[in-house]
There are 2 protein chains.
Amino acid sequence: MLGQWPDKAIERLSLYRRLLANLAAERVKFIYSHELAQKAGRTAAQVRRDMMILGFSGSPTKGYEVARLIEAIGGFLDAGGLQEIALVGVGNLGRAILSYFAGRRPNLSITAAFDSDPAKVDRVIHGCPCHRMEELASLVAVKSINTAIVAVPAGEAQAVADALVGAGVCGLLNFAPVRLRVPGAVFVENVDLTTSLEKVAFFARRQLLRQE
Amino acid sequence: MLGQWPDKAIERLSLYRRLLANLAAERVKFIYSHELAQKAGRTAAQVRRDMMILGFSGSPTKGYEVARLIEAIGGFLDAGGLQEIALVGVGNLGRAILSYFAGRRPNLSITAAFDSDPAKVDRVIHGCPCHRMEELASLVAVKSINTAIVAVPAGEAQAVADALVGAGVCGLLNFAPVRLRVPGAVFVENVDLTTSLEKVAFFARRQLLRQE
């Protein structure tokens, strides 16, 4: 099934859902594909193709029904029940991640954090219990966790990824600035906040030089 | 100058620098292109092409000198002095960003935050003073800020981007789940943490279904 859904289509569905949730909050009931496309920075044809993935169709005269489309995307993207997520590394970044995701998605929740620092374990941080690294393999297995966030320093990231994959995890959101080596069946998404900011700052500076 | 440096080359240089900083911390003095390539998940040919952007060359027998290469990348990527950055939106995510970047880069620093909530302004949050939105245009101009981080809810992001661009900002790191409409000369990097996590969770779940 993994190859069947393109990575970018999943990103777009996630984005549509949040745009639609904003519309629902503004009591908008219907939206045309070209309107949703404009908000998402896509073409109307792209939006209509993505709706076909869902098997969802709109009315030619009124467009897509916002509430039903949110439900359809949820039915496709979300687990039936709660999907628990592990976080490894409760430093500055790990805490920021816990704080950001706390309560954000009803059925996607970080329920186990791990750190090698004894001062951080056996505590609850932003609502999430923090455990010793030695407990990682058994807790991930007991909780049937398949998704984990890696927020340790670069030098530790590969060992952490190996331990997670060994314990049954097959999706990693990696914040460490290294490319992880994992088996082909494991999905890795890299987020590198420092590089993103350095890049924007670099181009902004160059752009300014150009204008002077 | 903007078109001259490919986006992805800047990302790679930023990544190399952090990999090299780790090596320097481990007292490694020299590294071959193929070794750096392996750590960065690239080919040795790619690393050598990127070094040509810098005008940097290694020794055929010893490879690149780590300390000098870190300096060369810094000379290319960094501003000569401090480059100040503005952050708009000091909610849950904005605070996490302030906390994450505080002190991380000596010459790249978030020095002005803005929020529309009166309870947040005229305070110092994670070392950064938080101002009223009405002060944005004048402070960005006075401080010659060219780079800003957008961490407001989706519905406010376009208005915030317009205000920042109007005040002279030409690089935006956007965390709001919308595509910003900006003039062609403005560089926008989108980071969407919720979508990234939803995507990893989706593929991990699919992968697990496949194995069962």
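Residues numbered from 1 in each chain as written. Chains lettered and ligands numbered in written order. Predicted model: local features only at pLDDT ≥ 70, side-chain atom pairs only at ≥ 80, totals over all residues. Heavy atoms only, no water.

Caption draft 1: Up close: the sheet that holds strand E3 (residues 83–88) of chain A. Residue and element names in this part refer to chain A. Sheet architecture is open: seven strands sit in the order E5-E6-E4-E3-E7-E8-E9, paired in mixed fashion. The open sheet is flanked by strand E5 (123–125) and strand E9 (187–190), the only strands paired with a single partner. Direction aside, the axes of adjacent strands within the sheet are offset by 30° on average. Relative to strand E4 (residues 108–115), E3 runs parallel, the two sharing six bridges. (Pairing = 2+ DSSP bridges. Helix = DSSP H or I, 4+ residues; strand = E, 2+ residues; numbered from the N terminus. Axes fitted to C-alpha atoms, helices over the stretch in contact; angles between N-to-C directions.)

Caption draft 2: Representation of the nonpolar core in the model. Judged by nonpolar contacts, the single largest core of 151 residues is most densely connected at Leu164(A), Leu172(A) and Leu164(B). In this structure Leu172(A) touches Ala148(A), Val150(A), Ala161(A), Leu164(A), Val165(A), Leu180(A), Val182(A), Val186(A), Phe187(A), Val188(A), Glu189(A) and Val200(B), once residues within four positions along its chain are discounted. (Core = buried A, V, L, I, M, F, W, Y, C linked by side-chain atoms within 4.5 Å. Buried < 20%, exposed > 50% of the residue type's maximum accessible area, 1.4 Å probe, protein only. Contact = heavy atoms within 4.5 Å.)

Caption draft 3: Representation of the domain arrangement of chain A within the structure. All names here are of chain A. The domain architecture assigned to chain A consists of domain 1 (2–77) and domain 2 (83–195). In this structure, domain 1 and domain 2 have C-alpha centres spaced 30 Å apart. Buried area between domain 1 and domain 2, summed over both chains or domains, comes out near 330 Å², and the portion from carbon and sulfur atoms is 44%. On the surface where domain 1 and domain 2 come into contact, there are zero salt bridges. Between the two partners, domain 1 and domain 2, sit zero residue pairs in polar contact (both at pLDDT 80 or more). A class-by-class count of the residues in the side of domain 1 that touches domain 2 yields one nonpolar, no polar and four charged. (Domains from an automatic or database assignment. Buried area = accessible area lost by both parts, 1.4 Å probe. Salt bridge = Lys/Arg side-chain N within 4 Å of Asp/Glu carboxyl O. Polar contact = N/O pair within 3.5 Å; in protein donor to acceptor, adjacent residues only side chain to side chain. Nonpolar A, V, L, I, M, F, W, Y, C, P; charged D, E, K, R; others polar.)

Caption draft 4: Seen up close, the sheet that holds strand E4 (residues 108–115) of chain B. All names here are of chain B. Strand order in the open sheet made by the seven strands is E5-E6-E4-E3-E7-E8-E9, with mixed pairing throughout. Edge strands, defined here as strands with exactly one partner in the open sheet, are strand E5 (123–125) and strand E9 (187–190). Neighbour-to-neighbour, the strand axes of the sheet open up by a mean angle of 30°, direction not taken into account.

Caption draft 5: Main features of the relation of the copies chain A and chain B. Under the fitted operation, chain A is carried onto chain B by 0.0 Å of movement along the axis and a turn of 180°, and the coordinates agree to an RMSD of 0.0 Å. Interpreted geometrically, this transformation is the action of a two-fold axis. Residues of chain A ranked by C-alpha distance from the rotation axis are headed by Ala96(A), positioned 2.2 Å from it. (Least-squares fit on C-alpha atoms with pLDDT ≥ 70 in both.)

Caption draft 6: Representation of the state of the cysteines. Under the criterion given, the structure shown has zero disulfides over all chains. Cys170(A) carries a free sulfur, and the closest cysteine sulfur to it, the one in Cys128(A), is 20 Å from it. Between Cys130(B), a free cysteine, and Cys128(B), which holds the nearest cysteine sulfur, the sulfur-to-sulfur gap is 7.4 Å. Residue Cys130(B) is classed as buried on the basis of its relative accessible area of 1%. (Disulfide = S-S within 2.5 Å.)

Caption draft 7: Geometry of the interface of chain A and chain B. Counting from both sides, the interface comprises 69 residues of chain A and, opposite them, 69 residues of chain B. Around 6800 Å² of area is buried between chain A and chain B when both sides are counted, 63% of it from carbon and sulfur atoms. Summed over the shared surface of chain A and chain B, the number is 10 salt bridges. Grouping the constituent residues of the side of chain A that touches chain B by class yields 36 nonpolar, 15 polar and 18 charged.

Caption draft 8: Structural view of the packing of helix H1 (residues 7–25) of chain B against helix H4 (residues 66–77) of chain B. Residues and elements named next belong to chain B. The contact between H1 and H4 brings their axes to 9 Å, and the two run at 145°. For the pair H1 and H4, the sense of crossing is left-handed. Mapping the contact onto sequence places Ile10, Leu13, Ser14, Tyr16, Arg17, Leu20, Ala21 and Ala24 in H1 and Val66, Leu69, Ile70, Ile73, Gly74, Phe76 and Leu77 in H4. Grouping the constituent residues of the contact of H1 with H4 by class yields 12 nonpolar, two polar and one charged. (Left-handed = near helix turned anticlockwise from the far one by under 90°.)

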